[in-house]
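# Architecture at a glance
Single-letter residue listing:
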Amino acid sequence: MTVWNDHLTDTSLLTERLADAEALVLFGERTPATEALLAGLPNLKLISQRSGYPHVDVDACTGHDVLLCSNMHAGGHSVAAAEMTWALLLACVRQITAQNASLKAGDRQMDVGQTLAGRALGHYGFGRIARAVAGYARAFGMKIIWWGPGMGRHAQRLTEKLSPRAGARSSAKPTLSVFMSA
């Protein structure tokens, strides 16, 4: 097994590097698995991707007999991304980093931070990950508001829609939930 932490964008260099590979495990979406790349990897039999795969040419994989595996399924989302979003939000409102530094310095607890119950969580975008975060927020007693283009009927049933300016003003903790792809 070989691990590369750098990122190559040149297909010919990537093909040369991966020429003997039988399997690729991709993390994130930085390396496009295109027809040009797959054509130069005759030994490749498997691409494993741990989430969505908009950077993988599925038809090219099929044409080159390369099995594409992902833990992504219809209606699924990245639980890790939603959980990390929620963890960071809690760390901010409860001042976890500052509280930890204070305790390590031998000082007492600074304060308890802010509570979330009764406050609003604003989302720009309301995709699968944002809906999961909204579920965590509702469990903490928060109101959910959203704004952004292309919102579906599902979001309308669960939340209140506002304009971006009104949403940012009325949201105690705004989040940005958009699909990011390289």
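What you see is a predicted model; the values in this text were computed from it and never measured. (Residues numbered from 1 in each chain as written. Predicted model: local features only at pLDDT ≥ 70, side-chain atom pairs only at ≥ 80, totals over all residues. Heavy atoms only, no water.)

All right, on to the overall build of the protein then. A count of helices and strands for the protein gives 8 helices and 7 strands. Within the protein, the fraction of its 182 residues that count as buried is 30%. When contacts within the protein are restricted to residue pairs at least 6 apart in sequence, those whose partners lie at least 24 apart make up 42%. Accessible area for the protein stands at about 11400 Å²; split by element, carbon and sulfur atoms hold 56% of it. (Helix = DSSP H or I, 4+ residues; strand = E, 2+ residues; numbered from the N terminus. Buried < 20%, exposed > 50% of the residue type's maximum accessible area, 1.4 Å probe, protein only. Contact = heavy atoms within 4.5 Å. Areas by Shrake-Rupley, 256 points an atom, 1.4 Å probe, with all protein chains shown as cover.)

Moving on, we come to unusual backbone geometry. Despite not being glycine, D65 has its phi angle at roughly 55°, a positive value. Even without being a glycine, Q95 presents a positive backbone phi close to 55°. When you line up the elements, Q95 lands in the loop between α4 (79-93) and α5 (96-104).

Right, let's talk about α4 for a bit. When the terminal C-alpha atoms of α4 are compared, their 21 Å separation across 15 residues agrees well with the 21 Å that a helix rising 1.5 Å per residue should span. Just downstream of α4, Q95 is the residue with a positive phi angle, here 55°. (Expected span 1.5 Å × (residues − 1).)

This part is about the pairing of strand β1 (residues 23-26). Taking every second residue as pointing to the same face, the buried face of β1 carries L24 and L26, while none of A23 and V25 on the other face is buried. Sheet topology note: the β1/strand β2 (residues 46-49) ladder contains 4 bridges and is parallel. Paired with L24 across the bridge in β2 is I47. (Pairing = 2+ DSSP bridges.)

With that out of the way, let us pick up the sheet that holds β1. Taking strand neighbours across the sheet as the criterion, the 3 strands line up as β1-β2-β3 in an open arrangement whose pairing is parallel. Each end of this open sheet is capped by a strand with a single partner; those strands are β1 and β3 (67-70). Neighbouring strand axes in the sheet, compared pairwise and without regard to direction, differ in orientation by 15° on average. By the bridge criterion, 4 bridges tie β2 to β3 in an arrangement that is parallel. Looking across to β3, one finds that I47 is bridged to L68. (Axes fitted to C-alpha atoms, helices over the stretch in contact; angles between N-to-C directions.)

Our focus in this paragraph is the pattern of salt bridges. For the structure shown, the criterion picks out 1 salt bridge. In this structure, the salt-bridge partner of D6 is R17, at a minimum N-O distance of 2.9 Å. One end of the pair, D6, is in the segment before α1 (11-17); the other, R17, is in helix α1, with 11 residues separating them in the sequence. Here D6 falls in the partly exposed class, since its relative accessible area comes to 39%. The exposure class assigned to R17 is partly exposed, which follows from its relative accessible area of 28%. (Salt bridge = Lys/Arg side-chain N within 4 Å of Asp/Glu carboxyl O.)

Leftover empty space is mapped by rolling, across the atoms, a probe with the size of a water molecule. There is about 680 Å³ of room inside the second largest pocket. Surrounding the second largest pocket, 22 residues form its lining, T2, V3, W4, V25 and L26 being those nearest its centre. Of all elements in the fold, only α1 and β1 reach the threshold of two or more residues within the lining of the second largest pocket. With 4 residues, the top contributor of residues to the lining of the second largest pocket is β1. Here the lining of the second largest pocket is composed, by residue class, of 12 nonpolar, 6 polar and 4 charged. (1 Å grid on protein atoms, 1.4 Å probe; cavity = no way out; pocket = protein on both sides within 12 Å on 5 of 7 lines; lining within 4 Å. Points joined across faces, edges and corners; volume = space filled by probe spheres on them. Nonpolar A, V, L, I, M, F, W, Y, C, P; charged D, E, K, R; others polar.)

You can see T15 is positioned in helix α1. Polar side-chain contacts of T15 include one of 2.7 Å to the backbone oxygen of T11. For T15, the residues in contact, after removing those within four places along its chain, are L37, G40 and L41. (Polar contact = N/O pair within 3.5 Å; in protein donor to acceptor, adjacent residues only side chain to side chain.)

Treat this as a map of the structure, not an account of what it does.
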